[in-house]
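The chain contents come next:
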Amino acid sequence: MGESSYGTNTIVVPQYQLPSAIINMMKAYLPNHFQPGQVQLTEKEKKMISRRDSLLGPAYKLFYQQPIHIIRGKGVWLYDADDKPYLDAYNNVPSVGHCHPRLVKALEMQAGKLNTHTRYLHDGILDYANHLLSTFPKHINNIMLTLSGSEANDLAYRIAKQNTGGTGFIVTNLAYHGGTDAIASLSPSLGNNVNLGTNVRSVPAPDLYRCPDNVGSTLAENVQAAIDDMNRHGIKPAAMIVDTIFSSDGILAEPAGFLQDAVKVVQDAGALFIADEVQAGFGRTGKHWWGFQRHDIKPDIVTMGKGMGGGHPMAGIALRAELLNQLAKSRYFNTTGGNPVSSAVGKTVLEIIENEKLIENADRVGNYIKTAVRMLAERHNIIGDVRGAGLYIGIELVKNRKTKEPATEETLRIINEFRQKRVLISTSGTYANVLKIRPPLPFNKDDADLFLGVLDEVLSAL
Ligand code: PMP
């Protein structure tokens, strides 16, 4: 046992000795990122990369040892500059599939008619708000629209502080909630070069595989300890914010309900519980619209983004109406959030999810993949755990099933092998040893079989 490799607070987690090359990659906090010199690049690739570096600067990263140059998409397929197809098992922003014809048409039609802002009367935003709110439990009755998940979390952060008079926030050890200054301070996965505020406490994410005992009550105890620590330091708790599928913490979904005790601890302390649905929302986890519904909890604020606009930049919050009274004492205006084009797009995304039964599809195909991977695990010892909900699946790879030593190097090799076979996935988790599978929602059984065939092939060749 030792301190977390992300060393944000003194959190004790099992520690494994990883090779220094891997540690260096992990220090960049994006294990799957392009670094020059790993593979032979074409002249064209070299040129594009150097143009990108000189124009966009060093903070932007590319995926994979050999970056991909995608120029078009359709359904669950992406096509590169040579028109070679790639199966997209990674992107959840194009929630209803890349370039869904109905979505493109809705966007074109509204863009050709009017695009303004939320300070004129317009039915579009009202119809959208009404439809979106119908996907939530009754206690959630207002929405506000932004452009990015970071901005939505920033607004939730502000509302939590206003309503509680507190400043303390609780997050999980490897959480990511966004890039504004306030929200970066709630995002330990950004690494040690980004300060967590002195008002922030991070707790171990609930991990049934590595810490199987009493997952929910252990989380609640850690949250209580964080609140006690804040109180001891004169910090009033404002909120706990949780990505309800724990996507950066390693994709942690079971046992459903494990959030209940922690939510109670937070709300009993007079703080708010914010469900960050930027990753899990819009039916991705199957059965429900929202990841928090799997846990049967009542969040005070829900934040959302990514799949909300199916690729069009849309995000927002949904919350109990009375939480907006303080904000209303000043005002809120988002120049382009909730504009008529975005509202038309957002409404069409909801309609497509309903009409095409994409939530049921996520559930069915997700379960099919998990069952098939469990069968593959009988032949591939590297598979330590298969988990997730709906079409958000994690496959944790280990060198040894008894010690659960993470197979980090192998995981990075595998996602690059997948890329070479033109199937896109990535990694997650404290040790970057969890394959992250998160395709557009129309991913069907044939697509799943293609993915599973490549998984078998790549693991057999290890
Ligand atoms: N919350 C979570 C859980 C996320 O994964 C992300 C983005 N990866 C965000 C918030 C921030 O969203 P955006 O990039 O749209 O600002």
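Here the structure is a predicted model, which is why all the values come from computation and not from measurement.

**Description of the packing of aromatic side chains**
Turning to step 1, where the next piece is worked out: In total, this model carries seven aromatic pairs according to the counting rule given.
Turning to step 2, where the next piece is worked out: With 4.5 Å between their ring centres and 10° between their planes, Phe 136 and Trp 290 make a pair best called stacked. Of this pair, Phe 136 sits in the loop between helix H4 (123-133) and strand E6 (142-146) while Trp 290 sits in the loop between strand E10 (272-276) and helix H9 (291-294), and the two are 154 residues apart along the sequence. Comparing Phe 136 with Trp 290 shows no difference in burial state: the two are buried.
Turning to step 3, where the next piece is worked out: On the basis of an interplanar angle of 70° and a centroid distance of 4.8 Å, the ring pair of Phe 282 and Trp 290 is categorised as edge-to-face. The residues Phe 282 and Trp 290 share a single accessibility class, namely buried.
Turning to step 4, where the next piece is worked out: Feature note: the residues Phe 63, Tyr 64 and Tyr 90 constitute an aromatic cluster, connected by ring pairs.
Turning to step 5, where the next piece is worked out: One Lys or Arg, Arg 119, reaches over the ring of Phe 333 and ends 4.0 Å from the middle of that ring.
Turning to step 6, where the next piece is worked out: Above the ring of Tyr 209, the side-chain terminus of Lys 404 is found at 4.5 Å from the ring centroid.

**Re the site of the ligand**
Turning to step 1, where the next piece is worked out: Ser 148, Gly 149, Ser 150, Asn 153, Tyr 176, His 177, Gly 178, Asp 243, Asp 276, Val 278, Gln 279 and Lys 306 make up every residue found near the ligand.
Turning to step 2, where the next piece is worked out: Measuring from a nitrogen atom of the ligand, one finds a side-chain N or O atom of Lys 306 at 3.2 Å.
Turning to step 3, where the next piece is worked out: Across the complex, the protein chains shield 81% of the 390 Å² of accessible surface that the ligand would expose by itself.
Turning to step 4, where the next piece is worked out: With three residues, helix H5 (residues 149-164) is the largest single contributor of residues to the shell around the ligand.
Turning to step 5, where the next piece is worked out: Residue composition of the shell around the ligand, by class: two nonpolar, seven polar and three charged.

**A word on the pattern of salt bridges**
Turning to step 1, where the next piece is worked out: Under the criterion given, the structure shown has 18 salt bridges.
Turning to step 2, where the next piece is worked out: Put simply, Arg 320 and Glu 322 hold a salt bridge, and the shortest N to O gap is 2.3 Å.
Turning to step 3, where the next piece is worked out: The salt bridge involving Glu 410 is made with Lys 399; its shortest N-O contact spans 3.0 Å. Taken together, the positions of Glu 410 in helix H13 (residues 408-420) and Lys 399 in strand E14 (residues 392-400) put the pair 11 residues apart, joining distant regions of the chain.
Turning to step 4, where the next piece is worked out: Residue Glu 410 is classed as buried on the basis of its relative accessible area of 16%.
Turning to step 5, where the next piece is worked out: By relative accessible area, Lys 399 is classed as partly exposed at 42%.

Criteria and cut-off values
Residues numbered from 1 in each chain as written. Predicted model: local features only at pLDDT ≥ 70, side-chain atom pairs only at ≥ 80, totals over all residues. Heavy atoms only, no water. Phe/Tyr/Trp six-rings, centres within 6.5 Å; stacked < 30°, edge-to-face > 60°. Helix = DSSP H or I, 4+ residues; strand = E, 2+ residues; numbered from the N terminus. Buried < 20%, exposed > 50% of the residue type's maximum accessible area, 1.4 Å probe, protein only. Lys NZ or Arg CZ within 6 Å of the ring centre and 35° of its normal. Near = heavy atom within 4 Å. Polar contact = N/O pair within 3.5 Å; in protein donor to acceptor, adjacent residues only side chain to side chain. Areas by Shrake-Rupley, 256 points an atom, 1.4 Å probe, with all protein chains shown as cover. Nonpolar A, V, L, I, M, F, W, Y, C, P; charged D, E, K, R; others polar. Salt bridge = Lys/Arg side-chain N within 4 Å of Asp/Glu carboxyl O.

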